[in-house]
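# Observations on the three-dimensional arrangement
Listed below are the residues making up each chain.
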Amino acid sequence: MSAPCEIWGELDPRSYPIRIGAGLLELVGTCCAERGLCGRCLVVADENTAPLFAATVLHSLERAGFSPALKTLPAGEETKGLATLVELYDALLAHGMDRKSFVVALGGGVVGDLAGYAAATFLRGISFVQVPTTLLAMVDSSVGGKTGINLPQGKNLVGAFHQPQAVLIDLAALGSLPPREYRAGLAEVIKYGLICDAGFLDWLDRELERVDRAPQDLNDSARRDSTQQLLSAMVARCCEIKAEVVGRDECEGGLRAILNFGHTVGHGIENSAGYGVYLHGEAVAVGMRFAVRAAVRSGLLPESESERIDRLLRGLHLPLHAPGCDWDSVRRAMTADKKTVGGMLKFVLIGPAGCARTGCELPEAWLEELWHGLGE
Ligand code: GLY
């Protein structure tokens, strides 16, 4: 097993370590102690992550002198709403949590966003630690302090910026992640290359096959070490980019919006199809393809970049379009999205590859054409 890699989310005086390695679940307790946390904590997991990982995390916290309790939530995006938030507040009170207590979010983006929002608001804000177990949460939602819940009207419409005390990424968790979930996370990985690092995109293109089969290879003793190194390099680069962007613009006053690349259409797809039909990363994959084609049409990118994203998405078994979603309902859902400003849809476009620009408007007539151009 190689040594964990550490990146810092630099937000002085709220900077926090992002540790990446295999076997880190066993070190959650020592890391929380190092970060000065003490007393009671609530580990929030879901029905998928609790049976796999909760015992290891609870023991690690107990060994380090904490008094942990576990709250297990139903799995899936439907959980990320007001009713579950109230359940979480009940659990925090039932465990006798006070202002010095903390929350450990053990799971994917839904658990991280929801548990993080409960921590941001309980007693006007207590500490929390992110222990992401899906690729999507490892490379995106666990870093940067966005927390929140969905309303029936749209995704993430209520939330707060609340930075974690630490992010602990145990790559071994990817060995038990369902392939569809892993691939959905890869959409966000591609995103970082497209918006910030053309060299990383070239690397992904070269390593496509190894990246695609990495979760299986983690379970193969002959390939485990090299696969952990591959995943560590990939996840670390994404976290570095995310931490750098958030360090420069924590509350999305400008630059941070580049992280929403592909999300305008992506959120439209998720919302119009009904949460859970398309995984977030799958919807973002289609949204990125839409945005790359919009950039090609705007003259910002050569046609070859459109071919490249198609090759990457195909190679990683991600969707190229969203069957079952009709344009009118996607368009309506896009208007309700919180990224809309004064009724105008704003897009993140790229040009050249690795260089994102925010706040772009597109002619209305293009939108439907671009949508149908993705395929039926
Ligand atoms: N997922 C986009 C952000 O954290 O800003």
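Quick notes on the rules
- Residues numbered from 1 in each chain as written.
- Predicted model: local features only at pLDDT ≥ 70, side-chain atom pairs only at ≥ 80, totals over all residues.
- Heavy atoms only, no water.
- Pairing = 2+ DSSP bridges.
- Helix = DSSP H or I, 4+ residues; strand = E, 2+ residues; numbered from the N terminus.
- Axes fitted to C-alpha atoms, helices over the stretch in contact; angles between N-to-C directions.
- Contact = heavy atoms within 4.5 Å.
- Near = heavy atom within 4 Å.
- Polar contact = N/O pair within 3.5 Å; in protein donor to acceptor, adjacent residues only side chain to side chain.
- Areas by Shrake-Rupley, 256 points an atom, 1.4 Å probe, with all protein chains shown as cover.
- Parallel < 35°, antiparallel > 145°, perpendicular 65-115°, else oblique.
- Left-handed = near helix turned anticlockwise from the far one by under 90°.
- Buried < 20%, exposed > 50% of the residue type's maximum accessible area, 1.4 Å probe, protein only.
- Phe/Tyr/Trp six-rings, centres within 6.5 Å; stacked < 30°, edge-to-face > 60°.

## A look at the sheet that holds strand β4 (residues 67–73)
- Taken in spatial order, the seven strands make up an open sheet running β1-β2-β9-β6-β5-β3-β4, and their pairing is mixed. Here the strands that pair on one side only, and so sit at the sheet edges, are β1 (5–9) and β4. Looking at each pair of strands side by side, their axes are set apart by 20° on average, direction ignored.
- Sheet topology places strand β3 (residues 40–46) next to strand β5 (residues 102–107); four bridges connect them, and they run parallel. Paired with Cys41 across the strands is Phe102, a residue of β5.
- Sitting on the sheet, helix α4 (residues 109–121) is in contact with β3, β4, β5 and β6 (127–132), with an inclination near 170° to β5.

## Notes on the site of the ligand
- Surrounding the ligand, one finds Asp140, Lys146, Lys242, Arg256 and Leu259.
- Contacts to the ligand include Lys146, whose side-chain N or O atom sits 3.0 Å from an oxygen atom.
- Taking Lys242, its side chain carries an N or O atom lying 2.6 Å from an oxygen atom of the ligand.
- Protein chains bury 89% of the 200 Å² of accessible surface belonging to the ligand in isolation.

## Section: the side chain of Arg289
- By the element assignment, Arg289 lies in helix α12 (residues 280–297).
- Beyond its immediate stretch of four places on either side in the chain, Arg289 contacts Ile309, Asp310, Leu313, Leu320, His321 and Leu374.

## A few points about the packing of α12 against helix α15 (residues 364–373)
- Interhelical geometry of α12 versus α15 gives an angle of 120° and a closest axis separation of 10 Å. Between α12 and α15, the angle is such that the two are oblique. Where α12 crosses over α15, the two elements pack in a sense that is right-handed. Contact with α12, carried on its side by Phe290, Arg293, Ala294 and Arg297, involves Trp366, Leu367, Glu369, Leu370, Trp371 and Gly373 of α15 and no other residues of that element.

## Side note on unusual backbone geometry
- Cis geometry is found at the peptide bond from Asp12 to Pro13, where omega equals 5°.
- With respect to the secondary-structure elements, Pro13 resides in the loop between β1 and β2 (16–21).
- Put simply, Gly351 and Pro352 share a cis peptide bond, and its omega is -5°.
- Following the sequence through the fold, Pro352 ends up in the loop between β10 (347–350) and β11 (356–360).
- Here Glu252, not a glycine, exhibits a phi torsion of approximately 60°, which is positive.
- Structurally, the position occupied by Glu252 is in the loop between α10 (224–248) and α11 (263–273).
- Notably, His317 is not glycine yet its phi reads approximately 60°, a positive angle.
- Secondary-structure assignment places His317 in the loop between α13 (303–315) and α14 (327–336).
- With a relative accessible area of 47%, His317 lands in the partly exposed category.

## Observations regarding the packing of aromatic side chains
- Within this structure, the stated rule accounts for four aromatic pairs.
- Judged by centre distance (5.7 Å) and plane angle (15°), the ring pair of Phe200 and Trp203 falls under stacked. Of this pair, Phe200 and Trp203 both sit in helix α7 (residues 198–206), three residues apart, roughly one helical turn.
- Judged by its relative accessible area of 6%, Phe200 is buried.

By themselves, these figures tell us nothing about what the structure is for.
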